[in-house]
Amino acid sequence: MQDGNALAVRPDAGPDEDRNSGSREKGLNRVLHILEFLHANQRAIGIGDLAKGVNAPRSTIYTLVRSLVDAGLLEMAGDGNRVYFGKKLYLYGMDYVRGNDLLRRGRQEVDNLSRETGETSELCMLQSGRYTIVHSSPGTRPFRISSATGLQIPLPWTASGRLLLAGFERAVIEDMVSEDDLVLPDGRRLLLDDFIADIATAGAAGYCVTSGLVDAYTKCLAAPVFSAAGKVEATICLVVPIDTSEEKTGNLIALLRERAARLSITG
């Protein structure tokens with residue numbers, strides 16, 4: 001009887017074909033590790049540092065990078081000794097935006113919110129177990145709040161993280177949140193039990209507000225965007241100065257919930 005979790009192999013597959021299949025799979029995994037490492041670092045990386053970062057032989061990474069550069073997926077930067085994402089990946093990303101209805105409509109809502117309120121607005125989703133800003137629009141304040149599309153932040157640091165995990169089992173949350181994720185930028189440590197309680201509270205309330213977590217000067221207001229199955233698919237949020245009045249905060253939360261409901265798929 002064949003193990004249902006095993007990779008199926010054709011009865012006529014020989015040992016050379018098996019080895020080639022395993023080699024291709026390993027090569028593909030290394031390509032994915034290269035792309036993930038570049039994304040995490042957000043800058044051009046030298047081949048040596050890239051090899052160390054993905055724990056692979058320098059010669060192997062050099063060969064893979066050369067193939068990816070030839071394909072237009074990566075480009076050599078600066079002095080030709082460093083590598084970064086290529087234009088073709090940007091074009092693929094734009095294809096994804098055009099083909100994803102939620103992302104397309106969400107980008108427009110975020111831009112509208114920023115214009116209407118003057119505050120920094122974001123559309124956020126879970127990606128590889130991390131809170132990820134998939135679109136950001138800066139506010140009009142002279143004091144600009146740091147926010148960038150593609151930025152990944154530990155889930156416990158954010159209001160959106162508490163909503164994105166609503167409905168998850170405790171064991172799943174524990175697997176997604178590391179000890180380092182519970183340490184805030186200023187060195188304070190959050191308790192996992194408190195974070196899980198915050199998730200339940202946010203899910204029940206239908207919104208979340210956090211103050212002074214990422215920095216001492218801002219607070220984040222977030223509302224959930226639901227899929228047809230009732231799962232939190234994304235959040236739409238505003239990052240505002242921490243001294244924003246309770247009245248204005250309440251008005252902004254109401255506006256966020258209205259826009260999030262408009263984005264949600266209800267049937």
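- You'll find the protein chain entered in an unreviewed UniProt entry as IclR family transcriptional regulator, with Mesorhizobium onobrychidis given as the organism.

## So, unusual backbone geometry
- Positive phi outside glycine occurs at Q42, with the angle close to 60°.
- Inspection of the secondary structure puts Q42 in the loop between α1 (15-41) and β1 (45-46).
- In this model, N55 sits at a positive phi of 55°, which is unusual for a non-glycine residue.
- Along the chain, the position of N55 falls in the loop between α2 (47-54) and α3 (58-70).

## Quick word on the confidence of the model for the protein chain
- Across the protein chain, the average pLDDT comes to 85, with 87% of residues at or above 70.
- Contacts of residues 1-11 to residues separated by more than four positions or lying in other chains number four contacts, the stretch itself having pLDDT below 50.

## With respect to the packing of aromatic side chains
- This model, assessed by the stated rule, comprises one aromatic pair.
- Geometrically, the ring pair formed by Y84 and F85 is tilted, given 5.1 Å between the ring centres and 45° between the ring planes.
- Overall, the relative accessible area of 25% leaves F85 in the partly exposed class.

## Focus on the pattern of salt bridges
- Under the criterion given, the structure shown has 15 salt bridges.
- As a salt-bridge pair, E109 and R262 come within 2.8 Å of each other at their nearest N and O atoms. Of this pair, E109 sits in helix α5 (residues 101-117) while R262 sits in helix α9 (residues 246-263), placing them 153 residues apart in sequence.
- With relative accessibility at 47%, the residue R262 sits in the partly exposed group.
- We note a salt bridge from D193 to R170, for which the minimum N-O separation is 2.6 Å. One end of the pair, D193, is in helix α8 (residues 192-205); the other, R170, is in helix α7 (residues 170-176), with 23 residues separating them in the sequence.
- When its relative accessible area of 39% is taken as the criterion, R170 is described as partly exposed.
- One continuous salt-bridge network, built from bridges that share partners, spans E109, E116, E258, R259 and R262.

What counts and what doesn't
- Residues numbered from 1 in each chain as written.
- Predicted model: local features only at pLDDT ≥ 70, side-chain atom pairs only at ≥ 80, totals over all residues.
- Heavy atoms only, no water.
- Helix = DSSP H or I, 4+ residues; strand = E, 2+ residues; numbered from the N terminus.
- pLDDT = per-residue confidence, 0-100.
- Contact = heavy atoms within 4.5 Å.
- Phe/Tyr/Trp six-rings, centres within 6.5 Å; stacked < 30°, edge-to-face > 60°.
- Buried < 20%, exposed > 50% of the residue type's maximum accessible area, 1.4 Å probe, protein only.
- Salt bridge = Lys/Arg side-chain N within 4 Å of Asp/Glu carboxyl O.

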